[in-house]
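Close look at the chain arrangement
Next come the chains, spelled out residue by residue.
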Amino acid sequence: MTSRKFAIGTFVLMAVWGCGSDVVDMSQAPIEDRDLIRIMHDARTTHYNENDIVALMGTYSEEAVVLTGTLQVASGKAAIRDQIGTEMAESQGLSNELEEVLLFDNQAVLWGSYSWSGSTSGETSGPYLLELEKINSSWKVTREMWSHDRDPGEDLTWDVIPEDFDGDTEWSDEMKVLEDLYNRGNSAALAELFSEDALVGIPNFPVLEGRESVGTFFQSVLSKSSETVMDVSVRSANSLDEENVMLVGYIKIDGNGGDATRGRARFLVLLELANPFEVDAGEDAEWHVRWMVASGKELFPS
């Protein structure tokens, strides 16, 4: 199985967002936008299942970026088309479940889960995050990323996370708090960095739902990995509005002193402002992780 076989699932699962359209927040979404998103989602499903690569590519923006579950990066339509390739024809079944849609004027962010199986490989499944932009009255995919909730096996081709962690953005300080608390072994404080309704996808683990689940997870991880050190790098940011921002970056976990590589992952995170009223009153902003998907072969011990 190649990395692209693992990638196929998300190309279709993006297409079925319409199946879960009832989760769209109607207080934020004009009727016309909701309908346009439903139509685009349903069309993507049809295009994929009919192996219509030309029509499927029409649902991406010109500068779209795909971040695969096996760490490949495809930037632009030509690279994305090459990544999908002929493996669309290998699909033996794919199911998708949209869990939530957030709309911000001309942008949207979606969370869901997929399950895919191929003719020459086993099944892969996990969460995905998608970013959309409304371009000339049509919703287009601008970025997508997914992970796997269990070990996908040895038949995958993995890319490599860069070792160079320089070039952080102005948002790095927000994620450096995660790094600091992990390295101090403070699972309770780590949990407080996540929103009450957080959704977190970590390679080889079921999706974590809610702050309590996140705290329990890190308590378990830290009890097994007390001799590890986390390093976090934020590479780019996309502000959705004054209270929500998407971040892309890397996480690496090493043994103390850098003597052993433990894990590497790319992440896509939705941060939300937790104290907007206090900020209006002049206090410092406090940001929480609402959604997070990390992709990689392994990050924490299972």
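Worth saying up front: this structure is predicted, and the values here are computed from it rather than measured. The residue numbering used here restarts from 1 in each chain and proceeds along that chain's sequence as written. This being a predicted model, a pLDDT of at least 70 is required before a residue's local features are given, and a value of 80 or more before pairs of side-chain atoms are given or counted; all residues contribute to the totals for chains, interfaces and linings. Think of the side-chain values as coming from all heavy atoms in the structure, minus any hydrogens and water.

1. Notes on the sheet that holds strand β2 (residues 73-75)
DSSP calls a pair of strands paired once it identifies at least 2 bridges connecting them. Secondary structure is summarised from DSSP: a helix means a run of H or I of at least four residues, a strand means a run of E of at least two, and numbering begins at the N terminus for each. Taken in spatial order, the 6 strands line up as β2-β1-β6-β5-β4-β3 in an open sheet, and their pairing is mixed. Among the strands making up the open sheet, the edge pair consists of β2 and β3 (91-104). The average undirected angle you get between the axes of adjacent strands in this sheet is 20°. Of the strand pairs in this sheet, strand β5 (residues 121-135) and strand β6 (residues 138-146) are connected by 8 bridges, and their pairing is antiparallel. If you follow Y128 over to β6, its bridge partner there is W146. Working convention: axes come from line fits to C-alpha atoms, limited for helices to the stretch in contact. Angles between N-to-C directions cover 0 to 180 degrees.

2. Focus: the packing of aromatic side chains
Stacked, edge-to-face and tilted labels apply to pairs of Phe, Tyr and Trp rings (six-membered ring for Trp) whose centres lie within 6.5 Å, assigned for plane angles under 30 degrees, over 60, and everything in between, in that order. Under the definition given, this model contains 8 aromatic pairs. Note on F217 and F218: the rings are 5.4 Å apart at their centroids and 75° apart in plane angle, and the pair reads as edge-to-face. Ring centres of F218 and F300 lie 6.0 Å apart, and the angle between their planes is 85°; on these two criteria the pair is classed as edge-to-face. Of the two residues, F218 is situated in helix α7 (residues 211-224) and F300 in the segment after β12 (287-298); the sequence distance between them amounts to 82 residues. Per residue, the accessibility class of F218 equals that of F300, and both read buried. Among the aromatic residues, those joined into a cluster by ring pairs are Y182, F194, F205, F217, F218 and F300. Working definition: with a 1.4 Å probe on protein chains only, accessible area under 20% of the residue-type maximum means buried, over 50% means exposed, and in between means partly exposed.

3. A few points about unusual backbone geometry
Positive phi values are uncommon outside glycine, yet D105 reaches one of about 55°. As for its position among the elements, D105 is in the loop between β3 and β4 (107-118). With a phi angle near 75°, N204 is a residue other than glycine that sits in the positive phi range. For N204, the position within the fold is in the loop between β7 (194-201) and β8 (208-209).

4. What to know about the confidence of the model for the protein
As a per-residue quantity, pLDDT reports the predictor's confidence and falls between 0 and 100. A residue-level look at the protein finds 83% of positions with pLDDT of 70 or above and a mean pLDDT of 82. In this model, residues 1-24 is a region of pLDDT below 50 whose contacts with residues beyond four sequence positions or in other chains number 102 contacts. Whether two residues are in contact is decided by their heavy atoms: any pair within 4.5 Å suffices.

5. Focus: helix α4 (residues 77-84)
When α4 is considered as a whole, its buried residues turn out to be I80, Q83 and I84. The buried residues of α4 occupy one face: seen down the axis, they fall within an arc of 95°. Opposite the buried face of α4, at more than 90 degrees from it, the exposed residues are A78 and D82. Within two residues after α4, G85 carries a phi angle of roughly 50°, on the positive side. Note that the arc is computed from the directions linking the helix axis to the C-beta atoms.

6. A look at the pairing of β12
Most of β12 sits inside the fold, with 10 of its 12 residues counted as buried. With 4 bridges joining them, β7 and β12 adopt parallel strand pairing. What sits directly across from G201, in β12, is V293.

7. Some words on the environment of A78
Among the structural elements, A78 can be located in helix α4. On the basis of relative accessibility, which here comes to 64%, the residue A78 falls in the exposed class. Distance from A78 to E63, taken between C-alpha atoms, is 9.7 Å for residues 15 residues apart in sequence.

8. A closer look at the side chain of T59
For T59, the position within the fold is in the loop between α3 (53-57) and β1 (60-67). Note on T59: relative accessible area 7%, which makes it buried. In terms of polar contacts, T59 uses its side chain to reach the backbone carbonyl oxygen of L56, at 2.6 Å. In this structure T59 touches M40, R44, H47, W139, K140 and V141, once residues within four positions along its chain are discounted. Whenever two N or O atoms come within 3.5 Å, that pair is a polar contact, provided that in protein one can donate a hydrogen and the other can accept it, and provided that, for residues adjacent in sequence, both atoms are side-chain atoms.

9. Structural notes on the nonpolar core
Generally speaking, a soluble globular protein has its nonpolar side chains buried in company with each other. The term nonpolar core refers to a set of buried residues drawn from Ala, Val, Leu, Ile, Met, Phe, Trp, Tyr and Cys, joined through side-chain atoms within 4.5 Å. Core analysis: the biggest nonpolar cluster contains 36 residues, and Y182, F194, F218, F267 and F300 have the highest contact counts within it. Not counting residues within four places of it along the chain, the set of residues in contact with F218 comprises L178, Y182, S187, L190, F194 and F300. Listed in part, the 26 residues of the second largest apolar core include I37, Y60, L103 and Y128.

10. A few points about the pattern of salt bridges
For salt bridges, the criterion is a side-chain nitrogen of Lys or Arg within 4 Å of an Asp or Glu carboxyl oxygen. A complete count under the given rule lists 14 salt bridges for this structure. The partner of K252 in a salt bridge is D231, and the shortest N-O contact between them spans 4.0 Å. One end of the pair, K252, is in strand β10 (residues 244-255); the other, D231, is in strand β9 (residues 228-241), and 21 residues separate them in sequence. K252 gets classed as buried once you look at its relative accessible area, which sits at 14%. Counted as one network, the salt bridges with shared partners bring together E100, D197, E272 and R290.

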